[in-house]
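# Tertiary structure, described
Residues per chain are reported as follows:
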Amino acid sequence: MPIPTYRCLVTGSSGHIGQHLVKKLRELGHEVYCYERYVSSRYGIFSPQDKVLYGEITDYYAVRQAVEECQPDVVCHLAALGTQDLYAYKHPHENLLVNALGTINVAEAVRDVIRPEYFKLFLHASSSEVYGNHKYPQEYPLKETTLLKANSAYSVGKIAAEQYINYLIDTYNFPATILRPFNSYGFYPARTLIDHTISQMLANISPIKLGNPNPIRDWLFITDHVNAYVKCIENIDKAKGQT
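In this report, we go over the structure that sits alongside the text. (Residues numbered from 1 in each chain as written. Predicted model: local features only at pLDDT ≥ 70, side-chain atom pairs only at ≥ 80, totals over all residues. Heavy atoms only, no water.)

### Some words on the packing of helix α4 (residues 92-113) against helix α5 (residues 153-172)
Under the convention used in this document: In this analysis an axis means a line fitted to C-alpha atoms, helices contributing only their contacting stretch, and an angle means the value between N-to-C directions, from 0 to 180 degrees. Per the convention used, a helix needs a DSSP run of H or I reaching at least four residues, while a strand needs a run of E reaching at least two, with both numbered from the N terminus. In this scheme, roughly parallel covers angles under 35 degrees and roughly antiparallel covers those over 145, while 65 to 115 is roughly perpendicular and the rest are oblique. Left-handed is the label given to a crossing in which the near helix is rotated counterclockwise from the far helix by less than a right angle, and right-handed is the label when the rotation is clockwise. The criterion used for residue contact is that any of the two residues' heavy atoms lie within 4.5 Å. Three categories are distinguished: nonpolar for Ala, Val, Leu, Ile, Met, Phe, Trp, Tyr, Cys and Pro, charged for Asp, Glu, Lys and Arg, and polar for the others, with Gly belonging to the last.
Direction vectors running N to C along α4 and α5 enclose 20°, while the axes themselves pass 7 Å from each other. Relative to α5, α4 is oriented roughly parallel. The handedness of the crossing between α4 and α5 comes out as right-handed. Side by side, α4 and α5 meet where Pro92, Asn95, Leu96, Asn99, Ala100, Thr103, Ile104, Ala107, Glu108 and Arg111 of the first sit next to Ala153, Tyr154, Val156, Gly157, Ala160, Ala161, Tyr164, Ile165, Leu168 and Tyr172 of the second. Each residue belonging to the contact of α4 with α5 can be placed in one class, and the counts come to 14 nonpolar, four polar and two charged.

Below is the structure:
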């Protein structure tokens with residue numbers, strides 16, 4: 001039985017994960033719309049097959065206009081202010097505005113514009129950061145039911161966004177799935193510890209610079225990360241309502 005194809009709106013489509021997800025969705029035959037904050041240097045990174053809509057995720061009316069134009073069956077909400085550097089820690093207001101209110105804007109725009117019987121799935125990219133710091137090894141492995149413990153403005157915003165999505169699921173039967181991916185690596189030489197370390201080895205740099213070697217983390221290869229979203233889209237009835 002062939003897997004159905006959908007009209008997909010991807011927010012954060014110029015990010016590391018977003019670019020690979022857009023490419024994968026296109027390869028599978030889905031019609032892809034990209035919602036992006038306007039930055040001139042991003043012109044040319046998308047395929048001519050992709051329809052790019054520009055606007056701020058924090059501007060509800062811009063988001064709503066994009067949803068009206070796209071009329072998506074599926075939304076993959078990846079747009080976020082990341083937590084990779086000090087900027088996120090020094091700008092907590094912006095962090096919460098983008099990660100919490102931005103998510104609310106996208107979800108509510110879908111509810112306001114798309115009739116419920118036509119909308120299939122809202123995929124929300126949360127983060128493993130919602131778990132905060134747990135005692136190792138007593139509280140590991142982490143599970144979907146593990147207590148959420150915010151330890152940064154980023155994780156506060158992600159938890160708030162999750163809570164709002166769950167409220168929509170419980171109150172309006174909103175078809176949404178929450179994913180909590182761990183750090184991803186692959187195809188981005190300077191982005192992550194793994195990529196950066198391998199790049200140093202290939203360049204015969206000595207000694208290898210690791211940064212802080214003490215933190216313990218799970219790592220997720222980017223292809224597996226993207227395939228998690230794809231699996232949800234291919235198994236909507238099983239995925240919706242789940243974390």
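From this point, the narrative continues.
### Brief notes about the nonpolar core
To keep it simple, the criterion reads: Residues grouped as a nonpolar core are buried Ala, Val, Leu, Ile, Met, Phe, Trp, Tyr and Cys residues, joined through side-chain atoms within 4.5 Å. Only protein chains enter the area calculation, which uses a 1.4 Å probe; residues under 20% of their type maximum are buried, those over 50% are exposed, and those in between are partly exposed.
Membership of the largest hydrophobic core comes to 29 residues, with the highest contact counts inside it found for Tyr35, Phe122 and Phe174. If you list the elements that add at least two residues to this core, you get β2 (31-36), α2 (60-70), α4, α5 and β6 (176-179). If we skip the residues at most four places from it in the chain, Phe122 touches Val75, His77, Thr103, Val106, Ala107, Ile165, Phe174, Pro175, Ala176 and Thr177. Residues Val22, Leu25, Leu78 and Tyr229 belong to the second largest nonpolar core, which totals 24 residues.

Such coordinate-based values are descriptive only and should not be taken to indicate function.
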